[in-house]
Amino acid sequence: MLTKPSLNSLEKTTRKSIFPSFLSVTVALLCLFAQEADCQTPIEPVFRMGEALQPDEKKSSVGSWGHLEFYQLILEPSDYLLTFSSDFNKWKEGTVWKFSSLNREGIEVILDNAGIDPSLREILVSEQHLTHNPVSDLYEIRPPESVIIALTSENRKLLYPRILPHNDQNPFLSPYALPVGGLGAVIYTPTGVPQKQLDLIQQLSYKMGNTTKFADINLVLAKAQDDTERWRILKTIRRERSLSVNLRITQQSNLLHLANYWDASGKNREVLPILESVVKTSGIETLDIVHLLPPTPRKLLHTYPSPDGYGLAKEMPDCYWTAASFFSEVPPDRYLDSIDQVIENRYEKAAPPLQLGDLIFMNDKKSGKAIHACNYIAANLVYTKNGKSLGRPWIISTLEDVVSEYLSVEEMSIVFMRLRPQYKQ
Amino acid sequence: MNRFITLITLVGLMSPLTSTRSSGEDQDIKLSPPSLRTHACKPGPWGTLEYHYLYLEAPSSTVDMINLPSRNTVWWFPGKDAEQVSHFLLQSGSPEEEVRACLEFSILYQNNRPFKFFPSYELINEIATTTRQAIYAELRKWPENKNHYSPIIIPTGDISDWFRNSGLRQETIFDIQRLSYPLGKALGFSDIPAVIENLSNDQEEHTLLKALTRTRSLILSLKIEPNTDTQALKEYWSAGYKSKDVLTLFDTVARIDGIESIDITRIIPPTPRKHLYTFPSRSLGLEGTYPDSFWASLNFFNYFPDDQFNDFEKAMDYAKANYEISSSPLTFGDLLIFKDAKSNRASHSCVFIADDIVYSKNGRSLLQPFMLIKLDDLYNQFAISEPPLLEVWTKIER
């Protein structure tokens, strides 16, 4: 039987991909954003990590890429995409925590290890709430609303990853990844969701490293007035920040310099006609940089993956597919499997200054495990798809935001790679 | 019922050209001031649209693939002999002395068929515009006369505006203007060798060839105002859900203060967004042929382009099976089919965007971009001999 791709699937990257150590050029994260003279950062920060753009605020950056202006966009998935979400109908089941354990005492240990207050633990393991399912052989807790709300962020962080089953439909194992700064960062524009519900979502969100997660979707949807409100809740918690970026064209704009940057050493030649044209045309003051991106990101920017789009079987476009396809006329299906081979053969360490399209890999410094990849655009802007989910669009973000979103490890190393000159894609 | 009804009324969309067309050697050449104007579309269900004209030139790397033309002009007259050609040229108003001088050279080649006439630089420059028009209309009958069979067309008729900021010297622009001739509602230009004669180096020649690939396109923006009815815009631009992605963006921009307009590129479906304002890359020809107007039009809503549409017969079979003639007002995504008036054969297609703006890829040439263009500019390019018939086809909802 065919199964629909799931919006819930893999909010975070799970692909096993560890790049060979000889490729790694570790750049300490602090160094990346600091401005000390002895720090060889290839990126000039435009604004500091944690500093968010105000809704109608424009920022600008001037460099070899020209004069860029950008402002924040809030994206949310279309109604059509949301029909692929299973959460809309699952809330009626209520909240059920399922655990594998030999006995009831084992459940108590799990709750204790999560640091849950003893008084709450007693409620949870009472016969009223804890049962054994003989079919699945799992213990099931149906926590009362008051207990769910009373849990701390730390409780949730430690407890929820233990909740079964191991599949994408389990919101505790694959929680919603809220934007950097939490839900508050994306609800300054009307949401159609009552404030008390928004407050509840924020209360139920929890921290995993630097990232904010939310798993108690069944509780929140159960408290909604009607299906319209539920629909709006699902859209709101999937909101994502992006940036709309324009190149400002003035009489001082130097075509040669601009072309030199956006041409990306000949890998992005096809944008030169429009660049040349707007620079020569009086009266055109800005050019949306969607016109200056190579074909694939131009096609995908600010869109969501289509269920009948680039996926194959269970594999959907993720950050690695996105990063490796940056200069591709048509993204190779191979990149759905793995990009290790292409990185080894076609890429080399990127020497400063960074160029359009350079790959930025984020790895767990301790284990070397790959965490995320994105492409450098200009200033401190990157093109990224955060996660494999159908509910995550292709966006332009600041590198600081992307790092924050993936900073769930103790220390992260960042590797900059560039397509070797003999390759065009 | 004949599904292929000619929609005469559409031709009414073609507003008369406002620019004055020059003719003859005595034409008064004026370089108009730079156009800073933002143009507004007529209001409609598409919202408030504004646009700027811009000229797209093929990339230098593609222009470098063009064979350097000779400075000598050749006029081919298949099936004619020297006497017939001489008679024709004189009858058209060419100066007798020059024609006879040129004929002496040409007679050297008279045993070669078809007959080739080598007009001198002086003859080409001396003939009056009406004479040029008559001779070139004859030459256009034979594909051997490449520059006449497929002349450079300036649909606006305004040479100085067309080549503004092209890097051409003013004298070169004057040369082009002097040698251009009325062609339908547009101006045609065929005398590339004669203009090259006055250029002094490779760089100037490259600049000329590049400038001659110019096409007038436009950058189109949708204004977002406080009272904008985004629901109505969503209905128009999502084209009955054929273009779902757009819904997300409208939901977004409607909620954010400070966004005054969005580039229309953000609104059109992924495949035209990918290609808009670009010239075909070599990789697009990997299957053996490059995209043409039918490929571009029929793939407008396709997330993955179907290369079968590179085959004209297959493309038309698909169009006939999936589109029907519409008598409703034109709407986003409708096909406009240009048909040869005599043969009734489809010669071109484009996609309606809004007002009188269409998305088009003219021919398979690497020198022709995917672009937004005013319908009357496009129409003038196809109306050089006989005005084509225009049909509106709309996708059948199943």
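This text gives an overview of the structure that appears in the document. Small disclaimer: the values here were computed from a predicted structure and weren't measured.

Each value, and the rule that gives it
Residues numbered from 1 in each chain as written. Chains lettered and ligands numbered in written order. Predicted model: local features only at pLDDT ≥ 70, side-chain atom pairs only at ≥ 80, totals over all residues. Heavy atoms only, no water. Phe/Tyr/Trp six-rings, centres within 6.5 Å; stacked < 30°, edge-to-face > 60°. Helix = DSSP H or I, 4+ residues; strand = E, 2+ residues; numbered from the N terminus. Lys NZ or Arg CZ within 6 Å of the ring centre and 35° of its normal. Patch = residues over 30% accessible without salt bridge, like charges linked within 9 Å, V, L, I, M, F, W, Y side chains within 5 Å. Areas by Shrake-Rupley, 256 points an atom, 1.4 Å probe, with all protein chains shown as cover. Salt bridge = Lys/Arg side-chain N within 4 Å of Asp/Glu carboxyl O. Lys, Arg positive; Asp, Glu negative; His and termini not counted. Charge placed at Lys NZ, Arg CZ, Asp CG, Glu CD. Buried < 20%, exposed > 50% of the residue type's maximum accessible area, 1.4 Å probe, protein only. Arc of directions from axis to C-beta. Contact = heavy atoms within 4.5 Å. Disulfide = S-S within 2.5 Å. Pairing = 2+ DSSP bridges. Axes fitted to C-alpha atoms, helices over the stretch in contact; angles between N-to-C directions. Buried area = accessible area lost by both parts, 1.4 Å probe. Polar contact = N/O pair within 3.5 Å; in protein donor to acceptor, adjacent residues only side chain to side chain. Nonpolar A, V, L, I, M, F, W, Y, C, P; charged D, E, K, R; others polar. Core = buried A, V, L, I, M, F, W, Y, C linked by side-chain atoms within 4.5 Å.

**Concerning the packing of aromatic side chains**
- Inspection of the entire model under this criterion finds 36 aromatic pairs over all chains.
- Between the aromatic rings of Phe88(A) and Trp231(A), the centroid separation amounts to 5.1 Å while the plane-to-plane angle is 90 degrees, which identifies the pairing as edge-to-face. Taken together, the positions of Phe88(A) in helix 3 (residues 87-90) and Trp231(A) in helix 10 (residues 227-237) put the pair 143 residues apart, joining distant regions of the chain.
- Of the aromatic side chains, those joined through ring pairs into one cluster are Trp46(B), Tyr236(B), Trp237(B), Phe300(B), Phe301(B), Phe332(B), Phe352(B) and Tyr359(B).
- Geometry around Trp91(A) places Arg230(A) over its ring, the cationic atom sitting 3.8 Å from the centre.
- Taking the ring centre of Tyr53(B) as reference, the NZ or CZ of Arg216(B) above it sits at 3.6 Å.

**A short note on a negative patch on the surface**
- A contiguous patch of negative charge on the surface is contributed by Glu97(B), Glu122(B), Glu126(B) and Glu197(B).
- Mapped onto the fold, Glu97(B) is located in helix 4 (residues 96-107).

**Let's talk about helix 8 (residues 195-204) of chain A**
All names here are of chain A.
- Turning to helix 8, its buried residues are Gln-197, Leu-198, Leu-200, Ile-201 and Leu-204. In an axial view of helix 8, the angular spread of the buried residues amounts to 160 degrees, which keeps them on one side of the axis.
- Residues of helix 8 that are buried sit in contact with helix 6 (145-150), helix 7 (153-159), strand 8 (206-208), strand 9 (211-214), helix 9 (217-222) and helix 10.

**Description of the state of the cysteines**
- Under the definition given, this model contains 0 disulfides over all chains.
- Of all cysteine sulfurs, the one in Cys319(A) lies closest to Cys374(A), which takes part in no disulfide; the gap is 8.3 Å.

**Here we look at the sheet that holds strand 12 (residues 346-354) of chain B**
All names here are of chain B.
- Spatially, 6 strands are ordered 10-15-11-12-13-14 in an open sheet, and the strand pairing comes out antiparallel. With one partner strand each, in any of the chains shown, strand 10 (323-325) and strand 14 (370-374) form the two edges of the open sheet. Strand-to-strand twist across the sheet, computed as the mean angle between neighbouring axes with direction ignored, equals 35 degrees.
- Where strand 10 lies against strand 15 (residues 389-395), 3 bridges are found, and the strand directions are antiparallel.

**Brief notes about the pattern of salt bridges**
- Counting across every chain of the model gives 38 salt bridges over all chains.
- A salt bridge links Arg169(B) to Glu204(B); the nearest nitrogen and oxygen atoms lie 2.7 Å apart. Of this pair, Arg169(B) sits in the loop between helix 8 (159-162) and helix 9 (170-179) while Glu204(B) sits in helix 11 (residues 202-211), and the two are 35 residues apart along the sequence.
- Salt bridges here are not isolated pairs; linked through shared partners, they connect Glu276(A), Lys280(A), Glu57(B), Lys210(B) and Arg214(B).

**Regarding the sheet that holds strand 4 (residues 97-99) of chain A**
All names here are of chain A.
- Strand order across the open sheet formed by 3 strands is 4-6-5, with antiparallel pairing between neighbours. At either margin of the open sheet sits one strand with a lone partner, and together these are strand 4 and strand 5 (130-133). This sheet shows a mean twist of 30 degrees between the axes of neighbouring strands, independent of strand direction.
- Contacting strand 4, strand 5 and strand 6 (138-141), helix 4 (residues 104-113) crosses the sheet at an angle of about 55 degrees to strand 6.

**Side note on the pairing of strand 3 (residues 66-75) of chain A**
Residue and element names in this part refer to chain A.
- Across the 10 residues that make up strand 3, a large majority, 9, are buried.
- Relative to strand 3, strand 2 (residues 58-63) runs antiparallel, the two being bridged by 6 bridges. In the strand pairing of strand 3, Ser-60 is matched with Glu-69.
- Here strand 3 runs beside strand 10 (residues 240-248); their pairing, made up of 9 bridges, is antiparallel. Pairing of Leu-73 across the sheet is with Ser-242, part of strand 10.

**Points about the environment of Lys141(B)**
Residues and elements named next belong to chain B.
- Mapped onto the elements, Lys-141 comes out in the loop between helix 6 (129-139) and helix 7 (146-149).
- For Lys-141, a relative accessible area of 53% corresponds to the exposed category.
- A C-alpha to C-alpha distance of 26 Å links Lys-141 and Ser-360, two positions 219 residues apart in sequence.

**Details of the interface of chain A and chain B**
- Contact with chain A, which involves 49 residues of that partner, is made by 46 residues of chain B.
- At the boundary of chain A with chain B, total buried surface from both sides reaches about 3,900 Å², with 56% on carbon and sulfur atoms.
- Joining chain A to chain B, the criterion identifies 2 salt bridges.
- In this structure, Asp288(A) and Arg266(B) form a salt bridge, with 3.0 Å as the shortest nitrogen-oxygen distance.
- Put simply, chain A and chain B have 14 residue pairs in polar contact (both at pLDDT 80 or more) between them.
- Elements with a minimum of two residues in the side of chain A that touches chain B: strand 3, helix 2 (79-82), helix 10, strand 10, helix 12 (272-280), strand 11 (286-288) and helix 13 (295-300) of chain A.
- If one sorts the elements of the side of chain A that touches chain B by residue count, helix 12 of chain A sits on top with 6 residues.
- The residue inventory of the side of chain A that touches chain B, partitioned by class, reads 21 nonpolar, 13 polar and 15 charged.

**Some points on the nonpolar core**
- Counting residues in hydrophobic clusters, the biggest one holds 182 residues, and the most contacted among them are Trp262(A) and Trp237(B).
- With near-sequence residues (within four places) excluded, Trp262(A) lies in contact with Trp65(A), Leu68(A), Asn268(A), Val271(A), Ile289(A), Leu292(A), Leu356(A), Ile377(A) and Ala378(A).
- Judged by nonpolar contacts, the second largest core, of 45 residues, contains Ile107(A), Leu159(A), Val186(A) and Ala215(A).

**Digging into unusual backbone geometry**
All names here are of chain A.
- The step from Leu-164 to Pro-165 runs through a cis peptide bond, and the omega angle for that step is 5 degrees.
- Along the chain, Pro-165 falls in the loop between helix 7 and strand 7 (176-178).
- Across the junction of Pro-352 and Pro-353, the peptide omega takes the value 0 degrees, indicating a cis bond.
- Position of Pro-353 relative to the elements: it lies in the loop between strand 12 (347-349) and strand 13 (359-364).
- A positive phi angle is found at Asp-137, which is not glycine, with a value near 60 degrees.
- At Ala-264, a residue that is not glycine, the phi angle is positive and equals roughly 50 degrees.
- For Ala-264, the location among the structural elements is in the loop between helix 11 (255-262) and helix 12.
- Residue Ala-264 is classed as buried on the basis of its relative accessible area of 2%.

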